[in-house]
Amino acid sequence: MSKTLNRRDFIKTSSATAVGVATIASGITLTTFAANANENPVTNAKRWGMLIDTNKLTEVEIDGMVSACQQENGWGGEVHSTGDQKPTWVKKLKVKDKATGRITSLPLMCQHCEEPPCVDVCPTNASMKREDGIVLVDKHLCIGCRYCMMACPYDARSFVHEDLTDQREHMPRGKGTVESCTLCVHRVDKGETPACAASVNSDAVIFGDLYDATSKINQTLKKVQSTQIRADLNLNTGVRYSGI
Amino acid sequence: MYRLVTVLMVLLVGNVFAHGHPGHPNLGEEASSIKASGKIFHTDGLSVIRMMHPEFLNHKRDKTLREGVRTKEGSLKGCVNCHANKDKKTNQYYSVNDKDQFCSTCHQKVSVSVDCFSCHRTTPRKGTK
């Protein structure tokens, strides 16, 4: 069955191989392959963020954001927890300028810091930041020490005090672990926006990739005044506010 | 004496038939229908999934949570969706970790307590996201 390769065949084969390499090198094949982002790990080429314009956002819309979050992630139905024990992933906050008396309402949730203090203090590495900037609790590793709740300047994290059943299948939650806003990571990975941002019809809440120069959030941040809450802590938050 | 031997024989034979239940009563709604259709879901073989499922699940949990890889292989949601049984009368799903349900059957026998379901949902949630 041995086949001798003559000169003509050899040239044919090598030219075919050269064409194959060129196709891959052109980048088109590689781009198509990477299209399904869920198969590949997230990278730090993106950084997810949110811009909340408190001038445009009404109090009703903020309440709508809170209930959209409850609906999406299944918190808020705890019956045995009282007062401060109740989980709160996002809350409506009123701030008053003492000099002028101007009252502003804003939704406050995990700010998804670039330098998260909750990650620094976690003894088990359960509190973690994904490559794309989303700060999460790995409940598999969480021992419920609540150091992260102490460390968070935004009071964004909650501890689950009671046994839970009937959780959302995309959002496991359980007694003895700490939880907080995940920026609806399960939706973001599917290419959707977080439930709270989706519940607001106007452009008062913009979600997107902070690094992408063509994204709406990036372009808006270039134009309008915006601030980070407790910017003095240099945490470089992913959630920015405009109008406060 | 013969009567005693007969009684013992009947008990023994009865025992054998009691364990030889046709099919798997707690295999789960969808898994049973896949099995009945002759398709094989766990293509690596049942012994692999029986022995290795804790490793698959642990590996997948880190991939999903920490890296955002959301493929179907090794997904606990997939296990629950396939292996949950329904109560025929009420048309409600049993929890997969209830006594004598899919997960518990073996774990009870080998005295392994799993902690998946203190956080994870134990029944399929069809028709919703």
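Keep in mind that this is a model prediction, so the values were computed, not measured.

Thresholds applied
Residues numbered from 1 in each chain as written. Chains lettered and ligands numbered in written order. Predicted model: local features only at pLDDT ≥ 70, side-chain atom pairs only at ≥ 80, totals over all residues. Helix = DSSP H or I, 4+ residues; strand = E, 2+ residues; numbered from the N terminus. Buried ≥ 20, exposed ≤ 12 C-beta atoms within 10 Å, placed from the backbone. Contact = placed C-beta atoms within 7 Å. Pairing = 2+ DSSP bridges. Nonpolar A, V, L, I, M, F, W, Y, C, P; charged D, E, K, R; others polar.

What to know about the overall build of chain B
And step 1. Within chain B one finds five helices and two strands.
And step 2. Helices and strands in chain B line up, N terminus first, as α-α-α-α-β-β-α.
And step 3. The buried share among the 129 residues of chain B stands at 18%.
And step 4. Long-range contacts, defined here as pairs at least 24 residues apart, represent 49% of the contacts in chain B between residues at least 6 apart.

Considering the pairing of strand β2 (residues 90-96) of chain A
A regular strand places its side chains so that they alternate between the two faces of the sheet.
All names here are of chain A.
And step 1. Here β2 runs beside strand β3 (residues 103-109); their pairing, made up of seven bridges, is antiparallel. Paired with Lys-92 across the bridge in β3 is Pro-107.
And step 2. In sequence, β2 turns back onto β3 through a hairpin of six residues, with Gly-101 there showing a positive phi of about 80°.

What to know about the interface of chain A and chain B
Frequently, the measure chosen for interface size is the accessible area that the parts lose on association.
And step 1. Facing 18 residues of chain A, the contacting portion of chain B comprises 15 residues.
And step 2. The residue makeup of the side of chain A that touches chain B, split by class, is five nonpolar, five polar and eight charged.

Let's talk about the pairing of strand β1 (residues 48-53) of chain A
All names here are of chain A.
And step 1. Summarising burial for β1: six of the six residues are buried, a large majority.
And step 2. Burial along β1 is two-sided: Trp-48, Met-50 and Ile-52 and Gly-49, Leu-51 and Asp-53, pointing in opposite directions, are all buried.
And step 3. Here β1 runs beside strand β8 (residues 205-209); their pairing, made up of five bridges, is antiparallel. By the bridge assignment for β8, Gly-49 is matched with Gly-208.
And step 4. Relative to strand β9 (residues 239-242), β1 is paired through four bridges, and the arrangement is parallel. The residue of β9 that forms the bridge with Asp-53 is Ser-242.

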